[in-house]
Amino acid sequence: MTLRQWHHPPAGTRAAVLLVGRPAAAFALLAALVAGQVGPVTRLDAWVSRAAYAAAVAHPLWRTSMAALTVTGSTAVLGPLTALGCVILLVFGLWRQAVFAAVAMTATVCLRLVVLVVVARARPADQLASASSYSFPSGHSTASAAAALILVVVCWPLLRRRWSKILLAVAAGGWALSVGVSRVALVVHWPSDIIGAWLFVLVTVPGTAAVLGAARGRGAPEVTAGLPRRQAG
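What comes next is a walk through the structure. (Residues numbered from 1 in each chain as written. Predicted model: local features only at pLDDT ≥ 70, side-chain atom pairs only at ≥ 80, totals over all residues. Heavy atoms only, no water.)

We now examine a nonpolar patch on the surface. Taken together, Leu81, Leu84, Val87, Ile88, Val91 and Phe92 make up a surface patch of nonpolar side chains, about 630 Å² in accessible area. With respect to the element layout, Ile88 can be found in helix H5 (residues 75-91). (Patch = residues over 30% accessible without salt bridge, like charges linked within 9 Å, V, L, I, M, F, W, Y side chains within 5 Å. Areas by Shrake-Rupley, 256 points an atom, 1.4 Å probe, with all protein chains shown as cover. Salt bridge = Lys/Arg side-chain N within 4 Å of Asp/Glu carboxyl O. Helix = DSSP H or I, 4+ residues; strand = E, 2+ residues; numbered from the N terminus.)

In this section: helix H9 (residues 191-214). When the terminal C-alpha atoms of H9 are compared, their 35 Å separation across 24 residues agrees well with the 34 Å that a helix rising 1.5 Å per residue should span. H9 sits mainly inside the fold: 18 of its 24 residues count as buried. (Expected span 1.5 Å × (residues − 1). Buried < 20%, exposed > 50% of the residue type's maximum accessible area, 1.4 Å probe, protein only.)

With that out of the way, let us pick up unusual backbone geometry. Cis geometry marks the peptide bond from Phe136 to Pro137, where omega comes out at -5 degrees. Mapped onto the elements of the fold, Pro137 is located in the loop between helix H6 (95-119) and helix H7 (139-155). Of note, Ser133 is a non-glycine position whose phi angle comes to about 65 degrees, a positive value. With respect to the element layout, Ser133 can be found in the loop between H6 and H7.

Moving on to the packing of helix H4 (residues 60-71) against helix H8 (residues 162-185). Where H4 meets H8, the axes come as close as 9 Å, and the angle between the chain directions of the two elements is 125 degrees. In this view, H4 runs oblique relative to H8, as classed from their interaxial angle. For the element pair H4 and H8, the recorded crossing hand is left-handed. Contacts from Trp62, Met66, Leu69 and Thr70 in H4 reach Trp175, Ser178, Val179, Val181, Ser182, Arg183 and Ala185 in H8. (Axes fitted to C-alpha atoms, helices over the stretch in contact; angles between N-to-C directions. Parallel < 35°, antiparallel > 145°, perpendicular 65-115°, else oblique. Left-handed = near helix turned anticlockwise from the far one by under 90°. Contact = heavy atoms within 4.5 Å.)

Time to look at the pattern of salt bridges. Scanning the model with the defined rule gives 2 salt bridges in all. The closest approach of N and O atoms between Asp45 and Arg121, which form a salt bridge, is 2.6 Å. Of this pair, Asp45 sits in helix H3 (residues 39-58) while Arg121 sits in the loop between H6 and H7, and the two are 76 residues apart along the sequence. Accessibility classification places Asp45 together with Arg121 in one group, the buried group. Put simply, Asp193 and Arg121 hold a salt bridge, and the shortest N to O gap is 2.7 Å.

Glancing now at the packing of H7 against H9. A pair of packed helices can be characterised by two numbers: the angle between their axes and the separation between those axes. It is the contact of H7 with H9, at a shortest axis distance of 9 Å, that shows an interaxial angle of 40 degrees. Classified by the interaxial angle, the pair formed by H7 and H9 is oblique. The way H7 lies across H9 gives a crossing that is right-handed. Within the contact between the two elements, H7 uses Ser141, Thr142, Ala145, Ala146, Leu149 and Ile150 and H9 uses Ile194, Ala197, Trp198, Phe200, Val201, Leu202, Val205 and Pro206. Split into classes, the residues belonging to the contact of H7 with H9 amount to 12 nonpolar, 2 polar and no charged. (Nonpolar A, V, L, I, M, F, W, Y, C, P; charged D, E, K, R; others polar.)

For the rest of this paragraph, the subject is the nonpolar core. Ranked by internal contacts, the top residues of the largest apolar core, which has 21 residues, are Phe100, Ile150, Val201 and Val205. When residues of this core are traced back to their parent elements, those giving at least two are H5, H6, H7 and H9. The biggest single contributor to this core is H7, with 8 residues. Counting 10 residues, the second largest nonpolar core, distinct from the first, contains Leu30, Phe136, Leu199 and Phe200. (Core = buried A, V, L, I, M, F, W, Y, C linked by side-chain atoms within 4.5 Å.)

Within the fold, Ala176 resides in helix H8. Owing to a relative accessible area of 7%, Ala176 belongs among the buried residues under this scheme. Ignoring any residue separated from it by four or fewer positions in sequence, one finds Ala176 in contact with Ser144, Ala145, Ala148 and Trp198.

In short, the description is geometric, and any link to function would need to be established separately.
As structure tokens, this is what we get:
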């Protein structure tokens, strides 16, 4: 999937299949393996979690840095930042991008809660940070990955320089990756919870773009419809 396909999605069913088909299949498979407690997955999760616990206990500075980093992926932080970003987009007249950002983030967070209850996976026992509810997929990893992906999708056509686009993608992706690592490092999530979160975001965010793009003829916003043509190409 290319960034051009993100910003100029084909209409209808083809768009949905193109943008979300493979990650949706991968997520469904992983969710089934997790819910069924399939041996290889649970054993690998347990092995990584034991190693993460040992590393955090042996290196307090690592644990402290991970605790500080993990806060940046909470919805308490990203919710207001997303709202602020939408306001900024509206101020600059980019209301379609603002709608996309708001809908994509809201849909991702809400749909994750449905999956959370359906899979109903318990968290690791040796948690090194406070956490509640079920485990799959990770909430912090979902929110941070969604925020990073939405930021790249919205800002990519606004940036003129290739190096600035690459810098944006690397910085946003690196941050989301780090938040996911921090959840495992603090033993509040299994590794497969993080992978599941990333796959889930690859379904909900491009899925939102596809739905809004397909509905454009009925008055719904398109992600880049507010951009000048020379920027959106």
